[in-house]
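Residue-level structural notes
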Amino acid sequence: MCGIIGVTGRSDAVECILGGLKRLEYRGYDSAGVVTADANDLDVVKRAGKLENLVRALDDNPLASQVGIGHTRWATHGEPNDRNAHPHTDPSGRVAVVHNGILENYQELKASLGDVRFASDTDSEVAAHLAARELERMDEPDLLLAVRRVVAQLRGAYSICFVAVDDPDTIVVAKHEAPLIVAHADGVGYCASDVAALIDHTRDVAALLDGQIARITPDGVDVMDVDGTPVEPHRFHVDWDLDAAEKQGYDHFMLKEIHEQPQAVADTLLDRLNAPPDGGPARLHLDEMRIDEHELARIDKVFILACGTSLHAGMIGKLAIEHWAGIPVDVEVASEFRYRDPIVDPHTLVIAISQSGETIDTIAAASHGRDQRAPVIALCNVVGSTLAREADGVLYTHAGPEIAVASTKAFTTQIVGCLLIGLYLAQVRGRMYASETEDILTRLQQIPAAIEQTLLLDGEVRELAERYQDTNYTMFIGRHAGLPIAMEGALKLKEISYLHAEAFPAGEMKHGPIALIEPGSLVVALAPAGHVFGKMVSNIQEVRARGASVLAIGTDGSTADLKEHAHHVLTLPEPPNELAGSVLSVIPLQLFSYHIATLRGEDVDQPRNLAKTVTVE
Ligand code: M6R
């Protein structure tokens, strides 16, 4: 995720900014930059790659000022390169901006500026142009007023910071659905996306709330709403050490990432409908779709290729595509696909799913398909990664960097991505009215709140983990969308707790696996509401009759049967549809493995023998 630090009122502002950016490195980034301001001009230095590249550039071109803002970028719109790195300025160099988040209406805003040249491919740059236009219109230029007017036009998620030559001591910031901290200490004003960047300077900080704007000067910080009415941010004292600050108070990155899922899913769903200029119905779009819609309309078969957790998301993708778009789909382990002779032709679509976009097996499998002239869509979390670059079309899961080896937020956003691809293919094949697509997308917007509610199960899950932490073998069972979630639950438990866990289609139990059940076995049954619920209840009865302890995952309103047969029931909120429910069902399983692993004293974030990105076969 991008990082921000702004400083006003220190003679060593640039060093202070670089120190802050260093503290934010753990968040992951692909470029970094800094802007300083004085009454004559703004100076910007930015570089793709690691912070060292920026430091070297600043050694060659030192900046000295009491005011500046620094940024580390995690690309969402546009390749990770020098041009797209933040800060961005308007063409006259009057205003500079750094931004975390996604501006949903940036194309509309760009169009409102008329024939203006943009220096980058980002959504963020438009904010600098808009602020400069507001300043130009004022007899007495006022950066705060200009930003208030700009913010009133922005849609999407942002923590955004501006400096301008008109008001060179001042940094003006605004927040909506992306964190932003402000502080004032010893005659210096600060802002940052994360307390980790400020912890060396002050521990008394204030988190802006959605809709708040702040003017930061060496004299203090004024917080207001978009109309300029003074408002109170959330003030707090940081007593965490630096390690905890990087994890924002969570004990591990995995837990932090589990809790980031509402935001990650919201970001993945953001900005997906385009209203065409001719006023026709809004159409779903993917980020970088370079495949002609007519070509996609002729697809008669899909291969979804991935590894590990991404493969499990792909299994939900199969259900979505077959259900909505009516195309047959095979889901295959990437490392197997590349060594066989799959029947692929130009009417076959390959969908390659990878969080990192650098998994060698998935990249090679996608090229195996492309060699046989199949178009390739990448579902990826890392902009500009190898898979994304080589694919013909890309849908990014805007989950932000995932640091823990055990994938959590990447998985739930991949499921959402798969649903979007299913809807997109249905759209290009004319299988759905535009209003139906819009209706489903609107209902999917309920998922982030439902995840928040599901996360409240944490206390109950921890108690279950305490009880079952020494269970040597856990069986996960599920049907339909519950099966990939059962597989993901088993993988999570294996990966971080090193306990044996396996998943089976519940209907296969009687064909063999039920022989493993004996008194004391733990069976986790995925039994959310839906068309296979009744079958799952029967499967639960079968394993219980053979002595298993059963933990069932069910849905609010349909758990009466579960409570009768299972020993424990975790109740999920009702999802917007059956497939989207899988995003909720996996959350208690992520928490279960997390708690078991921590109770057993395992290294949750860096489990043995595993790497975050598998770039070798
Ligand atoms: O980056 P990718 O999505 O291509 O990675 C694929 C797998 O290596 C990955 O999902 C792995 O299974 C995770 N450690 C699961 O938690």
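Residues numbered from 1 in each chain as written. Predicted model: local features only at pLDDT ≥ 70, side-chain atom pairs only at ≥ 80, totals over all residues. Heavy atoms only, no water.

Turning our eyes to something else, we now look at helix α17 (residues 458–468). Buried within α17 are the following residues: V461, L464, A465 and Y468. Taken down its axis, α17 places every buried residue within 105 degrees of arc, on the same side. Those residues of α17 that are exposed and angled more than 90 degrees off the buried face are E463 and R467. (Buried < 20%, exposed > 50% of the residue type's maximum accessible area, 1.4 Å probe, protein only. Helix = DSSP H or I, 4+ residues; strand = E, 2+ residues; numbered from the N terminus. Arc of directions from axis to C-beta.)

Here we take up the sheet that holds strand β5 (residues 88–89). Across the sheet, which stays open at both edges, the six strands sit in the order β5-β6-β7-β8-β12-β13 with antiparallel pairing between neighbours. The sheet is open, and its two borders are formed by β5 and β13 (220–224), each paired with just one other strand. (Pairing = 2+ DSSP bridges.)

Following the criterion strictly, the structure yields one aromatic pair and no others. Above the ring of Y29, the side-chain terminus of K50 is found at 4.3 Å from the ring centroid. Seen from the ring of F118, K110 lies directly overhead, with NZ or CZ sitting 4.6 Å from the centre. (Phe/Tyr/Trp six-rings, centres within 6.5 Å; stacked < 30°, edge-to-face > 60°. Lys NZ or Arg CZ within 6 Å of the ring centre and 35° of its normal.)

A full pass over the atoms with the stated rule returns 24 salt bridges. The partner of R340 in a salt bridge is E332, and the shortest N-O contact between them spans 2.5 Å. You can call R340 partly exposed: its relative accessible area is 32%. A relative accessible area of 13% means that E332 is categorised as buried. (Salt bridge = Lys/Arg side-chain N within 4 Å of Asp/Glu carboxyl O.)

What the domain assignment reports for the protein is domain 1 (3–238), domain 2 (253–445) and domain 3 (454–599). Once you take the C-alpha centre of each, domain 1 and domain 2 turn out to be 32 Å apart. On the side of domain 2, 16 residues touch domain 1, which itself brings 17 residues to the contact. A combined buried area of about 1300 Å² lies between domain 1 and domain 2, and 60% of that area is made up of carbon and sulfur atoms. Scanning the region where domain 1 abuts domain 2 turns up zero salt bridges. Taken together, the connections running from domain 1 to domain 2 amount to one residue pair in polar contact (both at pLDDT 80 or more). Mapped onto the side of domain 1 that touches domain 2, the elements with two or more residues apiece are α3 (106–112) and β7 (156–164). Here the side of domain 1 that touches domain 2 is built from residues that sort into seven nonpolar, six polar and four charged. (Domains from an automatic or database assignment. Contact = heavy atoms within 4.5 Å. Buried area = accessible area lost by both parts, 1.4 Å probe. Polar contact = N/O pair within 3.5 Å; in protein donor to acceptor, adjacent residues only side chain to side chain. Nonpolar A, V, L, I, M, F, W, Y, C, P; charged D, E, K, R; others polar.)

Around the ligand, 13 residues are found, and the nearest of them are S310, S354, Q355, T359 and E495. At 2.6 Å from a nitrogen atom of the ligand is found a side-chain nitrogen or oxygen belonging to E495. Relative to its unbound accessible area of 410 Å², the ligand is 91% covered by the protein chains. One can see that the ligand is located within the second largest pocket. (Near = heavy atom within 4 Å. Areas by Shrake-Rupley, 256 points an atom, 1.4 Å probe, with all protein chains shown as cover. 1 Å grid on protein atoms, 1.4 Å probe; cavity = no way out; pocket = protein on both sides within 12 Å on 5 of 7 lines; lining within 4 Å. Sits in = over half its atoms within 2 Å of the grid points.)

A word on empty space enclosed by the protein. Under the counting rule described, the total for this entry stands at two cavities of 30 Å³ or more. Here the largest cavity is characterised by a volume of approximately 180 Å³. Taken together, 22 residues make up the lining of the largest cavity; nearest its centre are A481, G482, P528, A529 and E578. When contributions to the lining of the largest cavity are tallied by element, the ones reaching two or more residues are α18 (482–497), α19 (533–545) and α21 (581–599). (Points joined across faces, edges and corners; volume = space filled by probe spheres on them.)

Moving on: the sheet that holds strand β3 (residues 42–48). A sheet is described by the order of its strands in space; here eight strands give the open sequence β3-β2-β4-β1-β10-β9-β11-β14, paired in antiparallel fashion. If you trace the sheet from one side to the other, it starts and ends with β3 and β14 (234–237), each paired once. Strand-to-strand twist across the sheet, computed as the mean angle between neighbouring axes with direction ignored, equals 15 degrees. Two elements, strand β1 (residues 3–8) and strand β10 (residues 188–192), share four bridges in a ladder whose sense is antiparallel. By the bridge assignment, V7 is partnered in β10 with Y190. The sheet contacts of helix α1 (residues 13–24) involve β1, β2 (31–37), β4 (67–73) and β10, and relative to β1 the element is tilted by about 160 degrees. (Axes fitted to C-alpha atoms, helices over the stretch in contact; angles between N-to-C directions.)

Further remarks concern the environment of E390. Secondary-structure assignment places E390 in helix α13 (residues 386–390). A residue is classified by how much of its surface remains accessible, and E390, at 35% relative accessible area, is partly exposed. Put simply, E390 and I377 are 13 residues apart on the chain and 9.4 Å apart in space, counted from C-alpha to C-alpha. For E390, the contacting residues outside a window of four places in its chain are I363 and R370.

Quick look at the packing of α1 against helix α2 (residues 51–60) now. The contact between α1 and α2 brings their axes to 11 Å, and the two run at 170 degrees. As far as their axial angle goes, α2 and α1 are roughly antiparallel. Facing α1, whose interface residues are V14, L18, L21 and K22, α2 presents L51, L54, V55 and L58. Residue classes in the contact of α1 with α2 are distributed as seven nonpolar, no polar and one charged. (Parallel < 35°, antiparallel > 145°, perpendicular 65-115°, else oblique.)

In terms of burial, strand β25 (residues 522–526) is a largely internal element, five of the five residues being buried. Where burial is concerned, the two faces of β25 agree: the one with L522, V524 and L526 and the one with V523 and A525 are both buried. Relative to β25, strand β23 (residues 473–478) runs parallel, the two being bridged by four bridges. Its bridge partner lying in β25, I477 is registered against A525. Strand direction decides the pairing type here: β25 and strand β26 (residues 549–555), joined by five bridges, are parallel. Bridge assignment links L522 to a residue of β26, and that residue is S549.

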